[in-house]
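# Overview (structure and organization)
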Amino acid sequence: MSHLSLPKGIFARPAVPRRPRSPPRPHLTGDDAIRSTDTDAAVSRLAAVSTQYLDDPFAHHFVKRPEKRPPIINRGTYTRHHALDSLIACFLKSCDGQAKQIVSLGAGSDTRWFKLKSRGLAPERYFEIDFPEITSQKIAAIQRKPELGSLLEGCTFECGGTALQAKGYAVLPGDLRQFTSHILPKMMALGFDRRLPTLFLSECLLVYLDPSVTTMLLKATAESVDVGVFLVYEQILPDDAFGRTMVQNLRARNIELPGLHAYPTMEAHEQRYKGAGWDTAGAIDLNDYWETCLEEAEKLRISKLEIFDELEEWKLLSAHYCISWGTKGQELQDFGYNR
């Protein structure tokens, strides 16, 4: 699914005058407004790749109109991807090399499977779930681009071009509010195995959902595996000055964040995992991740990419986004970062 309005996974900022560009966005409401943020996510990812923050040879395949992003946005995109990718890499190395599966909830135009596959790191099975309007666009791009299609083995397209099945990879249309009744049975029919260590990935998804739906989803995923991780990236702290501005900016695009007010802090994130059947939980905000988890050599590399004089603003912005996780099973009890 998508991120921010303020594109997916990026930080809210007051509007800055720009040169004329593409026509204004149409007026969208509800799920359509949420779906529209996936384009923002893809554009921001490509902007970070173009300025050498990220290495993603597949990002340009999902962007029709590239745009530059300010340095602070590029740094936010980089930090989010670095933090998530590092945790996913740890998961793939865990459990004594046992085969694993990943389920990307609201995957949108995410390129993570293609990167893993091209590097020989893809798990045994990888499922992506999103609205059919989103999966059809992704599948159309895959069909057009040989660089993407060449990574797929035994690929078939179904459901009017909204579903894709290949060896170890599936793109499935669906509404996550129907996870138990519709999506989980589809995955099981394609080989989802509760015995395999499983990582569920949610990037700025739960925050859009009614808290009752989030509770259902967290419980259903915990019950569907013997050993697993639920990994989340989303906003926190809606009640200070910056948080209120962030909410207002999204509301101007008809996007509401019911989950932000229901789970406003990292502590609230941790408690929702434990209340839904996950054994352990943890969280870290992007500011702490940047300060304590990134190697100094990497921070030095990033500092040389663009002129960056917004350090205080960066600390404020990055404190309003967090990575959180819940784990199930003794094998993954040490998963995560320490705050």
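My aim in this report is to walk through the structure given alongside it, one point at a time.

### A few points about the nonpolar core
F114, Y169, L231, I323 and W325 are the most contacted members of the largest nonpolar core, which totals 67 residues. Element by element, the count of residues in this core is highest for helix 2 (residues 71-93), at nine residues. Those residues in contact with Y169, other than ones at most four positions away along the chain, are W113, F114, Y126, E128, K138, I142, L152 and L164. The next biggest cluster of nonpolar side chains, apart from the first, holds 27 residues, and it includes L206, V225, Y273 and A276.

### Remarks on the pairing of strand 7 (residues 228-235)
By the criterion of burial, strand 7 is predominantly enclosed, with eight of the eight residues buried. Pairing analysis gives six bridges linking strand 6 (residues 198-203) to strand 7, with the strands arranged parallel. Each bridged residue has a counterpart across the sheet, and for L201 the counterpart in strand 7 is L231. Where the polypeptide runs from strand 6 across helix 7 (residues 211-223) and back to strand 7, its parallel neighbour, the crossover connection is right-handed.

### Some words on helix 10 (residues 266-275)
One turn of an α-helix holds 3.6 residues; hence residues three or four places apart share an orientation. Of the residues making up helix 10, those classed as buried are M266, A268, H269, E270, R272 and Y273. Of the surrounding secondary structure, the elements contacted by the buried residues of helix 10 are helix 7, strand 7, strand 8 (280-285) and strand 9 (321-328). Phi for G277, located one or two positions after helix 10, is positive at around 105°.

### Remarks on the pairing of strand 1 (residues 101-105)
Counting buried positions along strand 1 gives five out of five residues, so the element sits mostly inside the fold. Residues Q101, V103 and L105 point to one face of strand 1 and I102 and S104 to the other, with burial holding for every one of them. Bridging between strand 1 and strand 2 (residues 125-130) involves five bridges; their strand directions are parallel. Bridged to Q101 within strand 2 is R125. Once you follow strand 1 into helix 3 (residues 112-118) and on to strand 2, the crossover reads as right-handed.

### Points about the sheet that holds strand 6
Pairing is mixed across the open sheet formed by nine strands, whose spatial order is 3-4-5-2-1-6-7-9-8. Each edge of the open sheet carries a strand with a single partner, namely strand 3 (156-158) and strand 8. Between one strand axis and the next, the sheet turns through 15° on average, direction left out of account. Where strand 3 and strand 4 (residues 163-166) come together, three bridges link them in antiparallel fashion. Along strand 4, the bridge assignment pairs E158 with A163.

### What about the layout of surface pockets?
Approximately 430 Å³ is the volume attributed to the second largest pocket. The wall of the second largest pocket is formed by 18 residues, among which D85, A89, K115, L116 and R119 lie closest to the centre.

### Some thoughts on the pattern of salt bridges
Going through the model one piece at a time under the given rule, you end up with 18 salt bridges. Two residues, K117 and E153, come together in a salt bridge whose shortest N-O distance is 3.4 Å. Of this pair, K117 sits in helix 3 while E153 sits in the loop between helix 5 (146-149) and strand 3, and the two are 36 residues apart along the sequence. According to the relative accessible area criterion, E153 is partly exposed, its value standing at 39%. In this structure, D193 and R195 form a salt bridge, with 3.0 Å as the shortest nitrogen-oxygen distance. Under the relative-accessibility criterion, R195 is labelled exposed at 59%. Several salt bridges converge on common partners, so that one network encompasses R80, D85, D110, R112, K115 and E203.

### Details of the packing of aromatic side chains
According to the stated counting rule, one finds 15 aromatic pairs in the structure shown. Taken together, a centroid distance of 6.4 Å and an interplanar angle of 50° make the contact between Y53 and Y78 tilted. In this pair, Y53 sits in the loop between helix 1 (30-50) and helix 2 while Y78 sits in helix 2, placing the two residues 25 residues apart along the sequence. Both residues of the pair, Y53 and Y78, belong to the buried class. Here Y233 and Y321 contribute two aromatic rings whose centre-to-centre distance is 5.9 Å and whose plane-to-plane angle is 15°, an arrangement assigned as stacked. Linking Y233 in strand 7 with Y321 in strand 9, this pair joins segments that are 88 residues apart in sequence. We classify Y321 as buried; its relative accessible area is 0%. One aromatic cluster in this structure is built from F58, W113, F114, Y126 and Y169. Residue placement shows R75 over the ring face of F308; its charged tip is 3.8 Å from the ring centre.

Calculation notes
- Residues numbered from 1 in each chain as written.
- Predicted model: local features only at pLDDT ≥ 70, side-chain atom pairs only at ≥ 80, totals over all residues.
- Heavy atoms only, no water.
- Core = buried A, V, L, I, M, F, W, Y, C linked by side-chain atoms within 4.5 Å.
- Buried < 20%, exposed > 50% of the residue type's maximum accessible area, 1.4 Å probe, protein only.
- Helix = DSSP H or I, 4+ residues; strand = E, 2+ residues; numbered from the N terminus.
- Contact = heavy atoms within 4.5 Å.
- Pairing = 2+ DSSP bridges.
- Right-handed = clockwise from strand over helix to strand, strands pointing away.
- Axes fitted to C-alpha atoms, helices over the stretch in contact; angles between N-to-C directions.
- 1 Å grid on protein atoms, 1.4 Å probe; cavity = no way out; pocket = protein on both sides within 12 Å on 5 of 7 lines; lining within 4 Å.
- Points joined across faces, edges and corners; volume = space filled by probe spheres on them.
- Salt bridge = Lys/Arg side-chain N within 4 Å of Asp/Glu carboxyl O.
- Phe/Tyr/Trp six-rings, centres within 6.5 Å; stacked < 30°, edge-to-face > 60°.
- Lys NZ or Arg CZ within 6 Å of the ring centre and 35° of its normal.

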